[in-house]
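Analysis of the macromolecular model
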2 protein chains.
Amino acid sequence: MSGWLAVAGLGPGAADLVTPEVETALAEATDIVGYGPYVARVPNRPELRVHASDNRVEYERACLALELAAQGRRVVVVSSGDPGVFAMAAAVFEAVEAGPESWRELAIRVLPGITAMLAASAHVGAPLGHDFCCINLSDNLKPWSLIEHRLRHAAEADFAMAFYNPRSQARPQGFERALAVLRECCGDDRLIVFARAVSTAEERTRVTTLGDARADMADMRTLVIVGSSRTRLVPRPGQPFVYTPRSAS
Amino acid sequence: MSGWLAVAGLGPGAADLVTPEVETALAEATDIVGYGPYVARVPNRPELRVHASDNRVEYERACLALELAAQGRRVVVVSSGDPGVFAMAAAVFEAVEAGPESWRELAIRVLPGITAMLAASAHVGAPLGHDFCCINLSDNLKPWSLIEHRLRHAAEADFAMAFYNPRSQARPQGFERALAVLRECCGDDRLIVFARAVSTAEERTRVTTLGDARADMADMRTLVIVGSSRTRLVPRPGQPFVYTPRSAS
């Protein structure tokens, strides 16, 4: 059988949020390639070759996967969430574009998954129920000035906003600055949701306002959602519902 | 057993893109509530009560589902894609907020699904691989002026953009105007993807530029993605790959 490459989304963590399409690809694979903690979520089989790598080597990992597929292996690159949202799919296509011409003829598929913002949104209600944007707050691959530029336009557009990678130990100050810009643009009363590790045993959710939000409410496993001006909180016993109405007026 | 309400995402169409979590809820349900074509995707059982309704009665449908759950029924409201993205979840929480206090104590869960933009993005590569926004182009529930305002800020932020409900027979001119604004803000060379009915038998995908895009390339089953200034096309035999690099520079 000739080789192929599938870039698959494992969803946010729970086994029942993995699509059957992804399960089929994993069952057919000869090789699994990915960041260690994601590879660890794939059930092992004696004949399965597992290539676990460290974080921040996405491009090298993509090249390895493409080389294996070119050798005739059936390769699944695993991502958390959806592979197309701040995950491995873009790295694979960067490698395809820069690599040998023959890589363009490989059978390459991207298999979508439940990305963190959809799991987090579902967990608290429907805060992304109207127009929204999705920003990676990590400044590894873009300057802070661009992040701030996007935050200001997103606020001006009155989008709800989902933020990936809000805060790392190496760059704790970035999220502080983001919160300050958001408070300036959206006011202290705007709703904010911190949804950590949704669908896993470490899940923790907090709903508050920008005025009461502190940077240490997030870590790198937290998905942050800031509501639009229309996002509403519905108090109830236990965790409130948060949703954005369908209508803009 | 006491009643509950689950708002479930059936994904874009293919059976293997429905999560096991959603399948479990459908199997446990006593009642299915939703728009006719979505309800038709649920396997019938003799004891299952099916409440199919017309389009554009989301609020009434949500109230019916809440009433059934309050009576002790196990109710699944079905949406295409993800229920939290321009679908039924927001309508349910609007009804909860406006309805009797007792509805707030109901067991209500939102079960995420593969939303159309993730399926469309996966289908062509990774055009949403960097910061992006997601806009409903229907002017049913918001004025055109707000749509244009958001398009201009999204272009200024240099987001990739995913558009839901680009074009209906009743309002064909809206998408024409959106394309004109986008050409003005992003230029004729900007990549645009038309992904119709991804993962179904009626699937049809076209990759072109804003300069060559025509409004009739979309209908209400089409998900449209416009790239950022950095989105790239990788030619290959057959359909090209389209992706947005992870890095902004």
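Every chain is numbered independently, its residues counted from 1 as its sequence is written. Lettering for chains starts from A, numbering for ligands starts from 1, and both go in the order in which the items are written. Reporting in this predicted model follows two pLDDT cut-offs: at least 70 for local features of residues, and 80 or more for side-chain atom pairs to be given and counted; totals over whole chains, interfaces and linings ignore these cut-offs and use all residues. Side-chain numbers here rest on the full set of heavy atoms in the structure, without hydrogens or water.

Side note on the overall build of chain A
A run of H or I in DSSP counts as a helix once it spans at least four residues, and a run of E counts as a strand once it spans at least two, with each numbered from the N terminus. On a plain count of helices and strands, chain A comes out with seven helices and 13 strands. The C-alpha atoms of chain A give 19 Å as radius of gyration, which agrees with the globular expectation for 249 residues (18 Å, within 12%). Taken along its principal axes, the extent of the C-alpha atoms in chain A is 60 × 40 × 35 Å. For chain A, restricting intrachain contacts to residue pairs at least 6 apart in sequence, the fraction spanning at least 24 positions comes to 68%. Values of accessible area rely on a 1.4 Å probe in the Shrake-Rupley scheme; residue burial ignores everything except the protein chains shown. Accessible surface for chain A amounts to roughly 9400 Å². Of this, 48% is attributable to carbon and sulfur atoms. Just so you know, the count uses Lys and Arg for positive and Asp and Glu for negative, and it drops His and the chain ends. For charged residues, the charge sits on one atom: NZ in Lys, CZ in Arg, CG in Asp, CD in Glu. Here chain A holds 26 positive side-chain charges and 29 negative ones, and the gap between their average locations is 4 Å. Both definitions apply: the radius of gyration is a C-alpha atom measure, and the globule rule equals 2.2 Å times residues to the power 0.38. Here a residue-residue contact requires only that any non-hydrogen atoms of the pair lie within 4.5 Å.

Brief notes about the nonpolar core
Grouped together as the largest cluster of nonpolar side chains are 54 residues, with contacts concentrated most on Leu151 and Met161 of chain A together with Leu151 and Met161 of chain B. Counting 42 residues, the second-largest nonpolar core is a separate cluster that includes Cys134 and Val198 of chain A together with Met117 and Ala120 of chain B. Among buried residues, the Ala, Val, Leu, Ile, Met, Phe, Trp, Tyr and Cys ones that are joined through side-chain atoms within 4.5 Å form a nonpolar core. Burial status follows relative accessibility: with a 1.4 Å probe on protein chains alone, a residue under 20% of its type maximum counts as buried, one over 50% as exposed, and anything between as partly exposed.

Focus: the state of the cysteines
All names here are of chain B. Disulfides are defined in this document as cysteine sulfur pairs within 2.5 Å. Inspection of the entire model under this criterion finds zero disulfides over all chains. Note on Cys134: no disulfide assigned, nearest cysteine sulfur contributed by Cys133 at a separation of 7.6 Å. Cys185 provides the cysteine sulfur closest to Cys186, a residue in no disulfide bond, and the two sulfurs are 5.7 Å apart.

So, the domain arrangement of chain A
All names here are of chain A. Domain start and end points were adopted from an automatic or database domain assignment. One can read the domain layout of chain A as domain 1 (4-114) and domain 2 (117-243). On a C-alpha basis, the centroid separation for the pair domain 1 and domain 2 is 28 Å. At the interface, eight residues of domain 1 touch eleven residues of domain 2. Counting each side, the surface lost to burial between domain 1 and domain 2 is near 690 Å², with a carbon and sulfur contribution of 67%. As used here, buried area is the combined drop in accessible area, with a 1.4 Å probe, of two parts when they are placed together. The largest share of the area that domain 1 buries against domain 2 comes from Pro12, Arg56 and Phe86, three residues that together contribute 62% of it. What counts as a salt bridge is simple: a side-chain nitrogen of Lys or Arg found within 4 Å of a carboxyl oxygen of Asp or Glu. Put simply, domain 1 and domain 2 have zero salt bridges between them. In protein, a polar contact requires one atom able to donate a hydrogen and another able to accept it; more generally it is a pair of N or O atoms within 3.5 Å, and residues adjacent in sequence count only if both atoms are side-chain atoms. On inspection of domain 1 and its partner domain 2, the count reaches two residue pairs in polar contact (both at pLDDT 80 or more). For this classification, the nonpolar set comprises Ala, Val, Leu, Ile, Met, Phe, Trp, Tyr, Cys and Pro, the charged set comprises Asp, Glu, Lys and Arg, and every other residue, Gly included, is treated as polar. Considered class by class, the residues forming the side of domain 1 that touches domain 2 number six nonpolar, one polar and one charged.

Considerations on the relation of the copies chain B and chain A
A residue counts toward the fit only if its pLDDT is at least 70 in both copies, and the copies are then superposed by least squares on the C-alpha atoms of those residues. For these two chains of identical sequence, chain B goes onto chain A by a turn of 180° and a shift of 0.0 Å along the axis, with RMSD 0.0 Å. The transformation relating the two chain copies, once decomposed into turn and shift, fits a two-fold axis. Considering only C-alpha atoms, the residue of chain B closest to the rotation axis is Cys133 of chain B, which sits at 1.9 Å. Looking at chain B, 100% of its interface residues are interface residues in chain A too, so the copies touch through the same face.

Observations concerning the sheet that holds strand β1 (residues 4-9) of chain A
Residue and element names in this part refer to chain A. Strands qualify as paired when DSSP identifies two bridges or more between them. Strand order in the open sheet formed by five strands is β3-β2-β4-β1-β5, with parallel pairing between adjacent strands. With partners counted over all chains shown, the strands left at the sheet margins are β3 (49-53) and β5 (107-111), one partner each. When strand polarity is set aside, the average angle formed by the axes of neighbouring strands in this sheet is 15°. Relative to strand β4 (residues 74-79), strand β2 (residues 31-35) runs parallel, the two being bridged by four bridges. The residue of β4 that forms the bridge with Val33 is Val77. To obtain each axis, a line is fitted to C-alpha atoms, and for helices this fit is confined to the stretch in contact; angles are then taken between N-to-C directions over 0 to 180 degrees.

Comments concerning the interface of chain B and chain A
Taken together, the 67 residues of chain B in the interface contact 67 residues of chain A. Summing both partners gives a buried area of about 5900 Å² for chain B against chain A, and 62% of it is carried by carbon and sulfur. Measuring nitrogen to oxygen at the nearest pair gives 2.8 Å for the salt bridge that ties Arg246 of chain B to Glu94 of chain A. The tally of links from chain B across to chain A stands at 36 residue pairs in polar contact (both at pLDDT 80 or more). Among the elements that take part in the side of chain B that touches chain A, helix α4 (residues 88-98) of chain B stands out by supplying seven residues, more than any other. With three bridges joining them, strand β7 (residues 132-136) of chain A and strand β7 (residues 132-136) of chain B adopt antiparallel strand pairing. Directly across from Cys134 of chain A, in β7 of chain B, lies its bridge partner Phe132 of chain B.

Quick word on the packing of helix α6 (residues 144-157) of chain A against helix α6 (residues 144-157) of chain B
At a minimum axis separation of 9 Å, α6 of chain A and α6 of chain B run at an interaxial angle of 180°. Classified by the angle between their axes, α6 of chain A and α6 of chain B sit roughly antiparallel to one another. Contacts between α6 of chain A and α6 of chain B pair His149, Arg150, His153, Glu156 and Ala157 of chain A from the former with His149, Arg150, His153, Glu156 and Ala157 of chain B from the latter. Roughly parallel refers to an angle under 35 degrees, roughly antiparallel to one over 145, roughly perpendicular to one between 65 and 115, and oblique to any angle outside these ranges.

Thoughts on the confidence of the model for chain A
Taken over all residues, the pLDDT of chain A has a mean of 95, while the share at 70 or more is 100%. As a predicted assembly, this complex carries a pTM of 0.97 together with an ipTM value of 0.97. On a range of 0 to 100, pLDDT expresses the predictor's confidence in each residue.

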